[in-house]
Amino acid sequence: MWCWRLPWLLWGRGSSRCHQPGPCRDTRTGTRTGTRTVLARLHHSAPESLRCAWQLHGDHLELRCGDTLMRLDFVWLRDHCRSASCYNTKTNQRSLDTASVDLAIRPQAVRVDDTTLFLTWPDGHVTRYGLEWLVKNSYEGQKKQVMHPRILWNAEIYQQAQVPSIDCRSFLETDEGLKEFLQNFLLYGIAFVENVAPTKEDTEILAERISIIRETIYGRMWYFTSDFSRGDTAYTKLALDRHTDTTYFQEPCGIQVFHCLKHEGTGGRTLLVDGFHAAEQVLRRAPEQFELLSKVPLKHEYVENVGGCHNHMIGVGPVLNVYPWNNELYLIRYNNYDRAVINTVPYDVVRRWYHAHRALTTELRRPENELWVKLKPGKALFVDNWRVLHGREAFTGYRQLCGCYLTRDDVLNTARLLGLQA
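These numbers were taken from a predicted model, which means no experiment stands behind them.

1. Considerations on the packing of helix α9 (residues 287–295) against helix α10 (residues 347–364)
Then comes step 1: Interhelical geometry of α9 versus α10 gives an angle of 110° and a closest axis separation of 9 Å. As judged from the angle between their axes, α9 and α10 are roughly perpendicular. When α9 is examined against α10, the residues Gln289, Leu292 and Leu293 are found in contact with a partner set consisting of Val349, Arg352, Trp353, His355, Ala356, His357, Ala359 and Leu360.
Then comes step 2: Considering only residue class, the contact of α9 with α10 consists of seven nonpolar, three polar and one charged.

2. Considerations on the packing of aromatic side chains
Then comes step 1: Counted according to the given criterion, the structure contains 18 aromatic pairs.
Then comes step 2: Consider the rings of Tyr248 and Tyr302, whose centres lie 4.8 Å apart with planes at 20°: the pair is stacked. Of this pair, Tyr248 sits in the loop between β18 (240–243) and β19 (255–264) while Tyr302 sits in strand β21 (residues 298–306), and the two are 54 residues apart along the sequence.
Then comes step 3: Centroid distance Trp353 to Tyr354: 5.3 Å. Interplanar angle 75°. Geometry classified as edge-to-face.
Then comes step 4: On the accessibility criterion, Trp353 (0% relative accessible area) is buried.

3. What to know about the sheet that holds β18
Then comes step 1: Strand order across the open sheet formed by four strands is β18-β27-β20-β25, with antiparallel pairing between neighbours. The open sheet has two edge strands, β18 and β25 (371–373), and neither has a second partner. For this sheet the average axis-to-axis angle between neighbouring strands, irrespective of direction, equals 20°.
Then comes step 2: As paired elements, strand β20 (residues 270–274) and strand β27 (residues 388–392) share five bridges and run antiparallel to each other. In the strand pairing of β27, Thr270 is matched with Arg392.

4. Examining empty space enclosed by the protein
Then comes step 1: Scanning the entire structure with this criterion turns up two cavities of 30 Å³ or more.
Then comes step 2: Each pocket or cavity is described by its volume, and for the largest cavity that value is around 80 Å³.
Then comes step 3: Here the residues of the lining of the largest cavity are counted per class, giving four nonpolar, two polar and four charged.
Then comes step 4: Looking at the second largest cavity, its volume works out to about 50 Å³.
Then comes step 5: Around the second largest cavity, the lining residues are Leu298, His300, Val319, Arg333, Tyr334, Asn335, Asn336, Arg339, Trp353 and His357.
Then comes step 6: Looking at the lining of the second largest cavity, the elements with two or more residues in it are β21 and α10.
Then comes step 7: Tallied by class, the residues present in the lining of the second largest cavity amount to four nonpolar, four polar and two charged.

Rules used throughout
Residues numbered from 1 in each chain as written. Predicted model: local features only at pLDDT ≥ 70, side-chain atom pairs only at ≥ 80, totals over all residues. Heavy atoms only, no water. Axes fitted to C-alpha atoms, helices over the stretch in contact; angles between N-to-C directions. Helix = DSSP H or I, 4+ residues; strand = E, 2+ residues; numbered from the N terminus. Parallel < 35°, antiparallel > 145°, perpendicular 65-115°, else oblique. Contact = heavy atoms within 4.5 Å. Nonpolar A, V, L, I, M, F, W, Y, C, P; charged D, E, K, R; others polar. Phe/Tyr/Trp six-rings, centres within 6.5 Å; stacked < 30°, edge-to-face > 60°. Buried < 20%, exposed > 50% of the residue type's maximum accessible area, 1.4 Å probe, protein only. Pairing = 2+ DSSP bridges. 1 Å grid on protein atoms, 1.4 Å probe; cavity = no way out; pocket = protein on both sides within 12 Å on 5 of 7 lines; lining within 4 Å. Points joined across faces, edges and corners; volume = space filled by probe spheres on them.

Printed below as a string of structure tokens:
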């Protein structure tokens, strides 16, 4: 039976005590539902949003705070104790040995006041949890939260937003400029820095401002021309359809930096498409196809034998990657050039997968979703390779780009240190 804690009412005097285990009186109705009753001191001083009720079950505590109903396993409640003996607040690390917790543990006493849950364990240890902390960190609370706030866009939405480029000096020398850049990047998946000296060395300094550069089979910093020096279509003058890079890595590179150092010719505009916006349209129109794209694993492959470069890379994963607790999309792995033989999908699924893939491709190729940008010397582009697809139109003449890949963890770390949600 529920034990209620309604801070916005004032009823009764005396100490707060709930006889548990056993049925309780529902203080909303005054109904007695068993031989034991509840005497509760209810305070009106706490905000209504913290009203809560709780009920003990065989292996968990059921706790309702506001509109969030949480089911908290007793082992989980003991394991996450933040007392001085269980958690080191200086290092933000757990001190308690999880393997030492009795898997049949059950609290001897439970109490809830206006802001805190108190649990007394069989050995006398007391665990305290702030109710707001529990709402935020419980499974039910996490399902309602967004890990990475974003603005989904097509070409019109992005252009109307008039997202500013950040001046190179402000980006390099001030936290304000860096924070504005990162906020733009987190929200839209792309961001620009202007007035960058058109050299590989200056582009490298720019990249290192927010992350460790990720060295790959293409090196640390790379030059990019149409000289067929690598076994990749990108090293030609041909048009490239929208795609994400390094799908053939087990963990695709997180961020890609492009800086056009020189172009003596025509064409060569860069295409950018918000993959998450396209996936959202699939989810809205055909959720079963979205689910299929998020569950069916595929292989992507890169085989290279050019000059001294010999590589055979294979990455495995679904086209859409989502957090399982809230279905939030965090990575799209889309590259029709590098997708390997589909031999991980059974016969009775493969046709449905092709239909789902076609639905996503249709959204990705809608003209209204295409943002075309002419990269010029002095303007560097940062692309979230887990979200935004890029491509290019064919070009003539000599075109040279430099760039690199960045480690996603370090970019997000920089953003969090500046107070951004990332």
